[in-house]
Amino acid sequence: MRRIVVLSLVLLLAAGMVFAGGRGEAAGLDIGLAMPETHVERWQMDGAALLEGAQQAGYRAEVTYGDADQGRQNQQIQDFITKGVKLLIIGNINEGVNSVVREAAEEGIIVIAYDRLITGSDAYDYYITFDNFQVGVFQGRAIEEALDLPNVSASDPKVITLFAGSPTDNNANFFFDGAMSVLRPYVESGALEIVGPAPLRSSDAAFTRIATENWRADVAKARMENLLSADARDVVLDAVLAPNDTLARAIIEALAADAKYDTTEKLPVVTGQDGEIASVQAIRDGRQYMTVFKDTRNLAAAAIQLADALLSGQDTPAIDGARLDTETYDTGLKVVNSYLLEPINVTVDNYREVMIDSGYYSASDID
Ligand code: BGC
């Protein structure tokens, strides 16, 4: 009897091991792709392009989306670590990611910060992104040009209100500082008047008052509505600095509900970023002034090329279409090797060529 029990136990254990082994095998992973959210359209494009690129390069890969919740993303990353990944590509939400980045480093896993710099960490060495300061410069220049700021005098200034992205996303600082590098001289000369909180740099205390928690459209819309009934009540806005398309459209929605701006012609100049379908349509229709296109296909391809080179033991490899910067991007604890791709300015004059002829969207997506 005892022998039978022991035998069945052995058999059970063996079966269990085979099962676990089989499952472990199937779940075994080389690369974990942790994207921050899906409520901003681009990340699904990033996730899909990264997954495809990794698989084409022969890696077992998986992609997750964190719903703009760092706790949730940390669990997803933890899961990747358990599945034995050798490399992680992470677009994080906030510094709460640092505990899992440290854990990955201790396990010898390579971490690449994707699009967003992971600040407050010295546990990784590589960052790949677009030139985010330049994104802001495009936004600032668009406003400068549309309002003809060089020819505006302080006696009859143009009026603007300012929005920024998530206060926990390092990119939000770069976008704002790039835009203000163009606009600040006009504010200082009096040609451009800011209504509402008026930081001139992301390091100014008032920056937190124009920032938009987790890039949420409802937060930006509510803030625009408040401005319209308070600081911006007695003026006509000529421009709104909006950091991305998701927020730009929410802001335009709030503006359009106000009698002062209830036709396309009366809307102020509103900037954007990402080349989202609805914003490209709004640009075509004259409701949004511009966007900045950051081709996620190129960023994903460059990130996979970098991953592949790092996994084969290379150090700061050259990456097609990306500029290596080893001096600028400081996490607060160390400067990381950064690869920068070039963003593209998009207006009504070139949206077809940039967004459709390039194959990013088909004409039927837009028309
Ligand atoms: C990205 C933008 C995006 C924003 C919100 C930023 O980190 O660079 O492209 O619009 O996050 O998701």
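None of the values given here were measured: they were computed from a predicted structure.

Undergrad: Got a minute to help me understand the pattern of salt bridges in this structure?
TA: Once the charged atoms of two side chains with opposite charge are near each other, the side chains can pair. Under the definition given, this model contains 23 salt bridges. With a closest N to O distance of 2.9 Å, Arg116 and Asp169 form a salt bridge. Here Arg116, found in the loop between strand S4 (110-114) and strand S5 (126-130), pairs with Asp169, found in the loop between strand S6 (158-162) and helix H6 (170-189); they are 53 residues apart in sequence, far enough to count as distant. Note on Arg116: relative accessible area 4%, which makes it buried. Taking the relative accessible area as the measure of exposure, Asp169 reaches 3% and is therefore buried. Taking the shortest distance from any N to any O, the salt bridge between Asp218 and Arg216 comes out at 2.8 Å. We classify Arg216 as partly exposed; its relative accessible area is 31%. Counted as one network, the salt bridges with shared partners bring together Arg284, Asp285, Arg352 and Asp367.

Undergrad: What is the right way to look at empty space enclosed by the protein in this model?
TA: Once rolled over the atoms, a probe with the size of a water molecule shows which space is left empty. Throughout the structure, instances matching the rule amount to three cavities of 30 Å³ or more. The calculated volume of the largest cavity comes to roughly 100 Å³. In terms of lining, the largest cavity is formed by 14 residues, of which the most central are Trp43, Arg116, Trp215, Asn244 and Asp274. Elements with a minimum of two residues in the lining of the largest cavity: helix H2 (42-56) and H6. Of the residues in the lining of the largest cavity, the class split is four nonpolar, three polar and seven charged. Among the domains, domain 1 (2-124 + 295-342) and domain 2 (132-293) are the pair contributing at least three residues each to the lining of the largest cavity. If you add up the space inside the second largest cavity, you get close to 70 Å³. As for the second largest cavity, its lining consists of Glu41, Arg42, Met45, Asp274, Gly275, Glu276, Lys294, Thr296, Tyr360 and Tyr361. Considered class by class, the residues forming the lining of the second largest cavity number three nonpolar, two polar and five charged. For the lining of the second largest cavity, the two domains that each supply at least three residues are domain 1 (2-124 + 295-342) and domain 2 (132-293).

Undergrad: Honestly, the environment of Glu107 in this entry has me stumped. Any pointers?
TA: Tracing the chain through its elements places Glu107 in the loop between helix H4 (98-106) and S4. A sequence separation of 23 residues divides Glu107 from Gly84, and the C-alpha atoms of the two residues are 9.4 Å apart.

Undergrad: Explain the packing of aromatic side chains here, please?
TA: Given two aromatic rings, one states the distance between the centres and the angle between the planes to describe the pair. This structure, assessed with the given rule, holds six aromatic pairs. Ring plane angle 65° and centroid distance 6.1 Å describe the contact between Phe175 and Trp215, whose orientation is recorded as edge-to-face. Taken together, the residues Phe175 in helix H6 and Trp215 in the loop between helix H7 (207-210) and helix H8 (217-229) connect sequence positions 40 residues apart. Of the two residues examined, Phe175 and Trp215, each falls in the buried class. Judged by centre distance (4.6 Å) and plane angle (70°), the rings of Phe293 and Tyr360 are edge-to-face. In this pair, Phe293 sits in strand S10 (residues 291-293) while Tyr360 sits in the loop between helix H12 (351-357) and helix H13 (363-366), placing the two residues 67 residues apart along the sequence. Exposure class is identical for Phe293 and Tyr360. Each is buried. One Lys or Arg, Arg42, reaches over the ring of Trp43 and ends 4.1 Å from the middle of that ring. Above the plane of the ring of Phe163 lies Arg223, whose end atom (NZ or CZ) is 4.3 Å from the centre.

Undergrad: For this particular structure, what's the right way to read the domain arrangement of the chain?
TA: How big an interface is tends to be stated in terms of the accessible area lost upon association of its parts. On domain assignment, one finds that the chain holds domain 1 (2-124 + 295-342) and domain 2 (132-293). Its C-alpha centre places domain 1 at a distance of 34 Å from the equivalent point of domain 2. When the two sides are added together, the surface that domain 1 and domain 2 hide from each other amounts to roughly 1,300 Å², 47% of it contributed by carbon and sulfur. Scanning the region where domain 1 abuts domain 2 turns up one salt bridge. Across the domain 1-domain 2 interface, the total number found is eight residue pairs in polar contact (both at pLDDT 80 or more). Broken down by class, the residue content of the side of domain 1 that touches domain 2 amounts to five nonpolar, three polar and six charged.

Cut-offs used in this document
- Residues numbered from 1 in each chain as written.
- Predicted model: local features only at pLDDT ≥ 70, side-chain atom pairs only at ≥ 80, totals over all residues.
- Heavy atoms only, no water.
- Salt bridge = Lys/Arg side-chain N within 4 Å of Asp/Glu carboxyl O.
- Helix = DSSP H or I, 4+ residues; strand = E, 2+ residues; numbered from the N terminus.
- Buried < 20%, exposed > 50% of the residue type's maximum accessible area, 1.4 Å probe, protein only.
- 1 Å grid on protein atoms, 1.4 Å probe; cavity = no way out; pocket = protein on both sides within 12 Å on 5 of 7 lines; lining within 4 Å.
- Points joined across faces, edges and corners; volume = space filled by probe spheres on them.
- Nonpolar A, V, L, I, M, F, W, Y, C, P; charged D, E, K, R; others polar.
- Domains from an automatic or database assignment.
- Phe/Tyr/Trp six-rings, centres within 6.5 Å; stacked < 30°, edge-to-face > 60°.
- Lys NZ or Arg CZ within 6 Å of the ring centre and 35° of its normal.
- Buried area = accessible area lost by both parts, 1.4 Å probe.
- Polar contact = N/O pair within 3.5 Å; in protein donor to acceptor, adjacent residues only side chain to side chain.

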